[in-house]
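Residue-level structure breakdown
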Amino acid sequence: MRSHAIHSSSRAPAACLLAVLLTLAACGSHGSSSARTSGTGALTFAVFNPFSGPDASFGPEQLAGCIPAAAAINAAGGILTHQKIICKTADSRGDPADAVPAAEQLIATTSSLVGVLGPSSDEASATVPLFNRANMPMFGDTGQAVFNHSSFKYFYRITPPDDAVGYAMAVYAHQKGYPSAAAVFGNDISSQGSLRTVVAGFKKLGGKIVLVQSIPLDLTSYRTEISALAAAHPSVIFTEADPQTSATYLAEAKQLGHLGPFIGTDGTTQPPWLKAVGNAVGVVNLKRYYVGAQPYAPTTGVTYQLWLSQIKAVGAQVSQPASQWYGDSYSMAAWDSINLTALAMEAAKSTDPSVFRPWIVKLATPSPGAVVVHDFAQGKAALTQGKTIQYVGATGQISFDQWQNSPGAFSFVSSDGSTKVATFTAAQISVAK
Amino acid sequence: MTGSLFVQSIGFGLVTASILALASVGFTLQFGVSNILNLAYGDLMTASAFAGYAVNQAGGSIPESLAAGAGFCALASMLLNRYVYRRFVRHGTKLFGMVVVTLAVGIIIQNILLGAYGATFFSYSFSAGSQVHVLGMVFTTSQLMIVALSVVVMILVQLLLTWTKLGKAMRATAANPSLAQASGIATDQVTDLAWLISGALCGLAGVVLVLNTSAFQSTTGNDFLVIIVAAAMLGGVGRPTGAMLASIVLGVVTEVTAGFINPSFKEVIAFGVLVVVLLFRPTGIFGQGATVKEVPT
């Protein structure tokens with residue numbers, strides 16, 4: 001759900017050559033962690049996500065979490081003796097052929113690197129092993145179910161996987177009383193991630209799936225598919241595809257008079273998708289027919305206010321308009337990831353990932369007598385006083401399982417991407433499994 | 001119901017074919033005259049779509065956007081060939097090297113667009129119009145306009161190539177540039193004009209493509225490139241008439257496939273047709289036993 005298209009790349013030969021060169025460079029500089037383990041130099045968090053290509057919106061979304069966290073950490077005096085934290089972008093281009101050399105380059109050339117935001121589904125399979133081999137903690141925004149039971153020690157995920165969103169969509173449709181549904185999903189690997197579970201979940205709850213369409217991305221027309229959809233008479237459509245594909249499909253559905261209620265995955269709750277589809281079908285129709293699932297992140301309360309004040313303080317430095325990130329659960333998860341990692345370093349009194357890594361889970365886990373903290377400054381102050389802390393961030397309590405995944409609740413939002421129309425806990429969603 | 005879907009699929013296929021024909025005829029014309037496989041073509045389409053978008057957002061009508069897209073791309077393509085591609089050719093860059101050069105140009109264009117417009121999606125302000133039923137097929141008025149535009153342009157291209165001095169000079173340059181030059185044809189000027197015309201087709205294709213997709217971004221044209229190249233190959237590379245016919249075949253086959261087999265196999269079946277045809281006619285439907293030539297200097 002966190003990516004849409006793994007496009008075949010005709011640029012692979014050049015990328016392969018670059019990969020070889022960068023691999024050699026990486027080998028040459030392996031283990032150069034001195035800059036981060038001693039001294040006072042800046043520490044770097046990398047946003048390793050697509051900044052170009054079809055999923056170019058993912059990178060800015062993660063960066064919108066990194067920048068306010070880094071600014072607040074710097075304002076609190078930094079981590080240990082390192083007074084400055086930097087957010088560095090590394091463009092994976094959303095394609096494994098480009099992502100592998102980009103990851104190698106990042107590892108090889110950034111000796112101050114202490115954590116990674118990413119990878120996304122587009123490049124996770126190819127690059128998670130690389131970061132893991134380099135002992136680099138990463139907070140994947142990938143939704144791929146293959147990481148549900150991952151054995152990668154340095155991989156963490158605090159947003160729910162793709163298959164969970166499918167069950168959540170089924171529960172929502174059931175609650176709304178839709179008797180039948182069609183599933184229209186892009187035929188790329190990440191769009192397909194929630195297809196199986198939404199179909200299975202809806203059937204388990206007594207619904208009827210009348211049509212399953214896997215559509216190729218970015219074609220000029222889907223009118224034949226829409227004719228088939230109309231013939232099946234679904235009462236609701238479950239959907240995910242990249243913004244352009246969805247815009248074309250739904251605009252043509254409207255032209256043919258077959259636009260009806262549709263429920264999107266969290267891939268559809270992002271500003272580019274909402275903008276593309278809103279323009280294509282009209283804002284009024286989008287408001288009338290659409291809801292999208294997204295990992296639940298509260299938009300009220302103390303932690304939300306902390307997050308909000310911090311992102312507003314750096315509003316000019318994030319992708320504009322800054323307000324698009326205020327309720328974005330993935331940006332909030334990125335903010336949490338940086339805070340948690342930074343506090344783990346403080347607690348471990350080390351910036352060496354192999355030393356502070358276990359503290360990431362420890363600090364998120366409730367323990368008797370632990371002081372609950374909501375950002376880095378609070379946590380650092382408590383640790384300095386010798387207290388035990390539990391970090392509860394903008395996305396709520398983080399409950400890591402044995403595979404370092406934190407399954408959470410889901411909310412359903414309307415066409416503005418932030419107004420919640422329903423929320424389901426993990427327990428409520430489990431009835432569809 | 002099935003018969004109805006079949007007829008509707010053909011109608012939908014004709015719309016796809018119309019867009020594809022505009023694009024593939026321009027693409028194949030460039031290759032025919034210059035022997036350059038211009039893989040920046042899709043990105044030029046996107047750039048044209050943005051040019052048309054600028055006019056549209058400034059209050060221009062769709063015909064004005066089409067004119068802006070066509071004009072922009074005509075000029076950009078001609079200048080690109082004259083000041084970039086031709087220089088590489090004169091420095092001895094061969095066929096495969098030129099493919100890499102065009103690929104690089106495409107990446108540069110795509111990233112310039114990304115930098116200028118950002119990683120988001122755009123839509124023209126226009127109404128697709130009402131539904132029109134023709135022989136059981138369903139169109140919107142804007143789609144009928146696209147089909148009509150494509151038919152008119154294809155007729156004009158055909159007339160240009162077969163009945164005008166310029167068309168004959170272009171064909172002579174395509175067949176044997178050295179001989180054409182020796183015969184008094186100003187091949188550089190002819191090539192410039194060919195790139196102007198093919199660029200205009202590329203620009204038109206870019207604008208109608210994004211009108212039909214409803215939303216576009218900096219990579220939209222490039223996503224369409226593979227099917228353009230397929231249509232050009234199926235028709236016989238360098239053969240505009242072949243590209244027109246191949247566009248209809250691919251457009252209709254993909255839509256009928258979506259209706260009766262599985263939408264996922266749309267492109268699979270289209271490329272299956274390409275492979276089967278090339279197996280029996282390696283030079284494409286209209287190819288005439290041509291062999292791969294080096295880029296004429």
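Because the structure is a prediction, the values reported are computed rather than measured. (Residues numbered from 1 in each chain as written. Chains lettered and ligands numbered in written order. Predicted model: local features only at pLDDT ≥ 70, side-chain atom pairs only at ≥ 80, totals over all residues. Heavy atoms only, no water.)

**Here's the deal with the overall build of chain B**
Regarding its fold elements, chain B presents twelve helices and two strands. Over its C-alpha trace chain B gives a radius of gyration of 19 Å, about what one expects of a compact globule, namely 19 Å for 297 residues. Structurally, chain B occupies a C-alpha span of about 60 × 50 × 35 Å along its principal axes. Across the 297 residues in chain B, those meeting the buried criterion constitute 53%. Carbon and sulfur atoms provide 71% of the accessible area of chain B, an area that totals close to 12000 Å². Placing the 12 positive and 8 negative side-chain charges of chain B at their respective mean positions leaves the two points 15 Å apart. (Helix = DSSP H or I, 4+ residues; strand = E, 2+ residues; numbered from the N terminus. Rg over C-alpha atoms; globule rule 2.2 N^0.38 Å. Buried < 20%, exposed > 50% of the residue type's maximum accessible area, 1.4 Å probe, protein only. Areas by Shrake-Rupley, 256 points an atom, 1.4 Å probe, with all protein chains shown as cover. Lys, Arg positive; Asp, Glu negative; His and termini not counted. Charge placed at Lys NZ, Arg CZ, Asp CG, Glu CD.)

**Quick notes on the nonpolar core**
Ranked by internal contacts, the top residues of the largest apolar core, which has 69 residues, are M45, Y85 and F224 of chain B. Among the elements that make up this core, the one with the highest residue count is helix α8 (residues 187–213) of chain B (twelve residues). When neighbours within four sequence positions are excluded, F224 of chain B is seen to be in contact with T220 of chain A together with I19, L20, A23, M45 and L209 of chain B. Of all hydrophobic cores here, the second largest spans 52 residues; its members include L308, A333, L340 and I398 of chain A. (Core = buried A, V, L, I, M, F, W, Y, C linked by side-chain atoms within 4.5 Å. Contact = heavy atoms within 4.5 Å.)

**A look at helix α15 (residues 376–384) of chain A**
All names here are of chain A. Every buried residue of α15 is listed here: F376, G379, K380 and A382. Here the buried residues of α15 occupy an arc of 165° about the axis, which is enough to place them on one side. For α15, the secondary structure elements touched by its buried residues are α3 (58–75), α13 (329–348), β11 (371–373) and β12 (389–393). Following α15 by one or two positions, G386 has its phi on the positive side, about 80°. (Arc of directions from axis to C-beta.)

**Thoughts on the state of the cysteines**
For the coordinates displayed, the defined rule picks out one disulfide over all chains. In this model C66 of chain A forms its disulfide with C87 of chain A; the gap between the sulfur atoms is 2.1 Å. Between C66 of chain A and C87 of chain A the sulfur-sulfur dihedral comes to about -100°; the bridge is accordingly left-handed. In this pair, C66 of chain A is assigned in helix α3 and C87 of chain A in strand β2 (residues 85–91), connecting sequence segments 21 residues apart. Here C66 of chain A falls in the buried class, since its relative accessible area comes to 0%. For C202 of chain B, which is in no disulfide, the shortest distance to another cysteine sulfur is to C73 of chain B and amounts to 3.3 Å. (Disulfide = S-S within 2.5 Å.)

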